[in-house]
Every structure is written in C-alpha cells, then in structure tokens.
Amino acid sequence: MTDIVIETRGLTKYFGDYCAVNNLDLSIRRGAIYGFLGPNGCGKSTTMRLLTGLLTPCAGEVRVLGNELPQQAEALRRKIGYMTQKFSLYDSLSVAENLQFVAKIYGLARRQSQQRIAQLLALYHLEDKQQVRAGALSGGQKQRLALAAATLHQPPLLLLDEPTSAVDPENRREFWERLFDLSDAGTTILVSTHYMDEAERCHGLAILELGQKRADASPQQLTRQLKARVFLLQGDNLRQVGKQLAPLPEVISSAQIGNTLRVLLAPGLAEPQQWLQQQLPGTALQRVEPNLEDVFVATTGVGYAKSAQN
Ligand SMILES: Nc1ncnc2c1ncn2[C@@H]1O[C@H](COP(=O)(O)OP(=O)(O)OP(=O)(O)O)[C@@H](O)[C@H]1O
C-alpha cells in the first residue's frame, strides 16, 4: 500500500467567480501531522471540505486513502474523522449521550460502543463530566469531547479545522500531546491553524494565501531555506525607525518586539547588514536566525510581493 495518504494535483474550487482554492498540489504521508497555515479566508476550510468529499472540486485530481474524489466520497466517509471549526456536537445532550449518538451513527455494536466510550472518557479526562451537558463544558473540555467524537471509530485520517482556537495554552499543549499519540499510532492528521506555535509542531506545513500554496516543507526546512535576512535592532526611537524602514522596497517587514525591532530584508541585497547600517547610522543591529513567523511574513502579503521583486 502506498505511503501517501492524501494526494492532490491542480485542486481548484470556485465559488461563483471567486477562486477559493487555486491549483493546489498536496502530498501527505501516512502518520504525518500536516498543517495548513494561513490568514483568514485563504482557503484552509474549503480545502479540508474538498478532501472529505463534502465539496466537489471544479478542477484537479484528489485521492484520499486510496479513494478517488468525488466519485468515491461515500467509501471515504467512514475512514475519516472531521472536527469542524465550530463545535458541532449537541449542547443539550450530555457528554456521554453525545458519544453514544456518534457511536450509533458509525454503527458500533452496543458492547463495543460502551468499551470505546469508556476508553475515550478516560483518555480525554472527561470521566467526571460524562453526565454534564456539552453546552456547559469549558472551551478545552469541548475540544477534547470533539476530538473524542472524531476518533471514536478509530479513523486512519483526522481533519481538524482550527481545533484549538478557543483553548488556553495549557489545554492546547495537552491537546497536541494527544495528537502526537495518535500520529505515533499511525493516524494521519491534517490541521489548520492561525498560530505559529501550533504550526511549528507539525511535521509538514503548507502556507496558504488566496487559495494558493506559498510554501510547503517541514517548519525546520522552511526556516533554513528562507532567503530573506533577519536583523534585530536596538536603540532609541524604534517606532520612528520602523516607520522609516517599512516603505523601502528592500524591507519586507519591520515589527517591534519588546525593546527590539525585528527587520526582514529582501533576498536581493549583496551586503544586507552593511545596507541596513547605512540606513540607520548609530543603531545597534545584529543578524539573527529566522523563525517560522519570519517565513510566514516573507511568503504572504506584501512580503510575498517584495520577496518576488527583489
Ligand atoms: N460556500 C461558500 N460560498 C461562497 N464563498 C465561500 C464559501 N465558502 C468559503 N467561501 C469563500 O472562500 C474563501 C476561503 O474560505 P475558507 O473558509 O476556506 O477560508 P479559511 O482559510 O478557512 O478562513 P478562516 O481562517 O477564516 O476560517 C473566503 O473568501 C470565503 O468567503
């Protein structure tokens, strides 16, 4: 059996005249946690819906777990777990009732369903909440319940659309530990996010903008391959310095972080440090290693245009 679980070529989706997903090629291997990182409206959710078979592409080829979509969407449905952006379980049902309901949908036998639900309640620390209405749970508990429901039938592929957007850092960390357990057991996980710290945890990552893929590699490769140069500046009047630098075509971005200004320079400059020092005589500056946020800034928006120009 092939090790590639999700494969798309030229995947494209229009809503009317608007191209929400534009000629997307993906290749995601079994057991990977693969992230979609991108701004609001870049096409993350639409791509996920296309990969579940819920939406039909306008063009391109899609193969998920060996199923050609949209023709074999029905066969795929039982093999995936899908956690939508909005909590989609029943607020008025208890935690246990929600899981029993999902087990019925998947056609689990009563005994098997009881065992699996007990296992999930323990795994996701919901044992003492099983009689509580889902609507009364905290944000973190709701997400754990949603993950329990999405994994109830032990699917080999999980699609999680911004799963931790309403969750505090501790719960998010715990949630990701469970995702790594699932990945370790062979589950492939596709996760969309706005958060750099979540994106950094992924094995592989696509940065999306305007429905297009701007970059695709592991977070480590993306930072290593970045051609833009990053500098940290210290000194007085950093607000003023930032405003002076921002409009220059050689400057991809300047952003204040505490008492420093983080400046990204476009790749075309032969002597970037010298060039920057000439713009700002007397300002202390130091070259630093790029992080994932630098990659994001350089591959989207103004950064994308300036990187391409220079
Ligand atoms: N059913 C639809 N009809 C028309 N336009 C749509 C539909 N679904 C999505 N869109 C548009 O397609 C674009 C991509 O939307 P999508 O929800 O995939 O983005 P996203 O990256 O998931 O955004 P967010 O981070 O805000 O969830 C947006 O401009 C959106 O308005």
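Criteria and cut-off values
- Residues numbered from 1 in each chain as written.
- Predicted model: local features only at pLDDT ≥ 70, side-chain atom pairs only at ≥ 80, totals over all residues.
- Heavy atoms only, no water.
- Helix = DSSP H or I, 4+ residues; strand = E, 2+ residues; numbered from the N terminus.
- Lys, Arg positive; Asp, Glu negative; His and termini not counted.
- Charge placed at Lys NZ, Arg CZ, Asp CG, Glu CD.
- Near = heavy atom within 4 Å.
- Polar contact = N/O pair within 3.5 Å; in protein donor to acceptor, adjacent residues only side chain to side chain.
- Areas by Shrake-Rupley, 256 points an atom, 1.4 Å probe, with all protein chains shown as cover.
- Contact = heavy atoms within 4.5 Å.
- Axes fitted to C-alpha atoms, helices over the stretch in contact; angles between N-to-C directions.
- Parallel < 35°, antiparallel > 145°, perpendicular 65-115°, else oblique.
- Left-handed = near helix turned anticlockwise from the far one by under 90°.
- Nonpolar A, V, L, I, M, F, W, Y, C, P; charged D, E, K, R; others polar.
- Phe/Tyr/Trp six-rings, centres within 6.5 Å; stacked < 30°, edge-to-face > 60°.
- Buried < 20%, exposed > 50% of the residue type's maximum accessible area, 1.4 Å probe, protein only.

(A) Examining the overall build of the protein more closely. A tally of regular secondary structure across the protein gives 12 helices and 14 strands. With respect to the three principal axes, the spread of C-alpha positions in the protein is 75 × 45 × 35 Å. With 33 positive and 30 negative side-chain charges, the protein shows a separation of 4 Å between the mean positions of the two kinds.

(B) Molecular detail of the site of the ligand. Close to the ligand lie 14 residues, the nearest being Asn-40, Gly-41, Ser-45, Thr-46 and Gln-85. Contacts to the ligand include Asn-40, whose side-chain N or O atom sits 2.8 Å from an oxygen atom. When the free accessible area of the ligand is taken as 630 Å², the share hidden by the protein chains comes to 63%. The biggest single contributor to the shell around the ligand is helix H1 (residues 44–52), with 3 residues.

(C) Geometry of the environment of Gly-211. Mapping Gly-211 onto the fold places it in the loop between strand S9 (204–209) and strand S10 (212–217). Taking the C-alpha atoms as reference points, Gly-211 and Gly-268, 57 residues apart in sequence, are found 27 Å from one another. Beyond its immediate chain neighbours, meaning those up to four positions away, Gly-211 contacts Ala-20, Val-21, Asn-22 and Cys-42.

(D) Fine view of the packing of helix H5 (residues 139–151) against helix H6 (residues 169–184). In contact at an axis separation of 10 Å, H5 and H6 are set at 15° when each is read in the N-to-C sense. It follows that H5 is roughly parallel to H6 by the angle criterion. Like other packed secondary-structure pairs, H5 and H6 cross with a definite hand, here right-handed. Contacts between H5 and H6 pair Gly-140, Gln-143, Arg-144, Leu-147 and Thr-151 from the former with Asn-171, Phe-175, Arg-178, Leu-179 and Leu-182 from the latter. Residues of the contact of H5 with H6, tallied by class, amount to 4 nonpolar, 4 polar and 2 charged.

(E) Quick peek at the packing of aromatic side chains. A full pass over the atoms with the stated rule returns 3 aromatic pairs. The interplanar angle of 85° and the centroid separation of 6.0 Å between the aromatic rings of Tyr-34 and Phe-36 together place this pair among those described as edge-to-face. For Tyr-34, a relative accessible area of 4% corresponds to the buried category. Both rings, one in Tyr-90 and one in Phe-101, keep their centres 5.4 Å apart while their planes meet at 90°; by these two values the pair is edge-to-face. In this pair, Tyr-90 is assigned in the loop between strand S6 (80–83) and helix H3 (95–105) and Phe-101 in helix H3, connecting sequence segments 11 residues apart. A residue is classified by how much of its surface remains accessible, and Phe-101, at 37% relative accessible area, is partly exposed.

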